[in-house]
Amino acid sequence: MNAKERLIVALDVDTIEEVEYLVNELKDEIGMFKVGLQLYTSMGNDIIAYIKQRGGKVFLDLKLHDIPNTVSETVRVLTKSGVDMMNVHSQGGYEMMKLAKETSVKTANEFGIKAPMLIAVTILTSLGDNEVEEIGYTKSPKEMVEHLGLLTDKAGLDGVVCSPLEAGIIKKACHDGFITVTPGVRLAGGDVGDQKRITTPGQAIKGGSTYIVVGRPITKAENIKEAAKKIVAEMEGI
Ligand code: C5P
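Worth saying up front: this structure is predicted, and the values here are computed from it rather than measured.

A closer look at the site of the ligand
By nearness alone, 13 residues border the ligand, and Asp12, Thr125, Gln195, Gly215 and Arg216 come closest of all. Within the contact set of the ligand, an oxygen atom lies 2.9 Å away from a side-chain nitrogen or oxygen of lysine 34. In isolation the ligand offers 470 Å² of accessible surface; the protein chains occlude 83% of this area. Of the pockets mapped on this structure, the ligand occupies the largest pocket. A per-class count over the shell around the ligand returns 5 nonpolar, 3 polar and 5 charged.

Details of the packing of helix 4 (residues 68-80) against helix 5 (residues 94-111)
Where helix 4 contacts helix 5, the two axes come as close as 8 Å, and the packing angle between them is 30 degrees. Relative to helix 5, helix 4 is oriented roughly parallel. Seen from above, helix 4 lies across helix 5 with right-handed handedness. Touching Pro68, Asn69, Val71, Ser72, Val75, Arg76, Thr79 and Lys80 of helix 4 are Glu95, Met96, Leu99, Ala100, Thr103, Ser104, Thr107, Ala108 and Phe111, all from helix 5. Looking at the contact of helix 4 with helix 5 residue by residue, the classes come out as 8 nonpolar, 6 polar and 3 charged.

Re the nonpolar core
Residues Leu7, Ile51 and Ile218 are the most contacted members of the largest nonpolar core, which totals 47 residues. For this core, the element with the most residues is helix 11 (residues 224-236), which contributes 6 residues. Not counting residues up to four positions away in its chain, the partners in contact with isoleucine 218 are Leu7, Val9, Leu26, Ile224, Ala227, Ala228 and Ile231. Val121, Val161, Ile179 and Val213 belong to the second largest nonpolar core, which has 12 residues in total.

Cut-offs used in this document
- Residues numbered from 1 in each chain as written.
- Predicted model: local features only at pLDDT ≥ 70, side-chain atom pairs only at ≥ 80, totals over all residues.
- Heavy atoms only, no water.
- Near = heavy atom within 4 Å.
- Polar contact = N/O pair within 3.5 Å; in protein donor to acceptor, adjacent residues only side chain to side chain.
- Areas by Shrake-Rupley, 256 points an atom, 1.4 Å probe, with all protein chains shown as cover.
- 1 Å grid on protein atoms, 1.4 Å probe; cavity = no way out; pocket = protein on both sides within 12 Å on 5 of 7 lines; lining within 4 Å.
- Sits in = over half its atoms within 2 Å of the grid points.
- Nonpolar A, V, L, I, M, F, W, Y, C, P; charged D, E, K, R; others polar.
- Axes fitted to C-alpha atoms, helices over the stretch in contact; angles between N-to-C directions.
- Helix = DSSP H or I, 4+ residues; strand = E, 2+ residues; numbered from the N terminus.
- Parallel < 35°, antiparallel > 145°, perpendicular 65-115°, else oblique.
- Left-handed = near helix turned anticlockwise from the far one by under 90°.
- Contact = heavy atoms within 4.5 Å.
- Core = buried A, V, L, I, M, F, W, Y, C linked by side-chain atoms within 4.5 Å.
- Buried < 20%, exposed > 50% of the residue type's maximum accessible area, 1.4 Å probe, protein only.

In structure tokens, the structure reads:
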């Protein structure tokens, strides 16, 4: 996979005009577009078709977390929509993840399409030591990430979403080819925003990230094409 394919841009917007602009500018510069709750709530499955018709790939970031049957039925509908990657919460448990993966593969086979990569969120990067303890977990966030990464791997999923600072732990613990998708990436000297634990694109790749997710440093840049190119170049420079 080249550096461009490893770059996922977060479309954290909610109007078709904004999506149109970002997709047109970026579709040849990056690997995938991330559609999150904000955009999906605003536009539904139409946005997936819209991006795909323009040659873009879609990571649908809905972080599904419910009982196995509910998640599985939702995954069935989303697989039909042709997304390239989607995710569930590993804290939904082994059975839920395993059934979600099986349903996704089965649905893709039925429709003659490629099954999406199915990944799981381990521990949200917004949760630190205190918050994890507050929820009631006795393990540290790092231990939880490793534990849930292994559970995700065992359930047959393709990888996890985690902090770039935790990608190495996952790479070591899980099977070869298990992917890590990491937000919290900034160019050196760039605006950090509300992200707390960050790395540069190059550090993320070096540390074991398979894909990096970047939002505002690209979408809010004056020249978004140039911003994407700069990030790809930084990844290539490692
Ligand atoms: O603008 P920025 O580069 O911070 O965007 C990062 C994207 O990754 C956002 O869509 C954010 O919701 C998402 N994300 C994150 N941290 C997580 C999970 C998802 O920043 N743990």
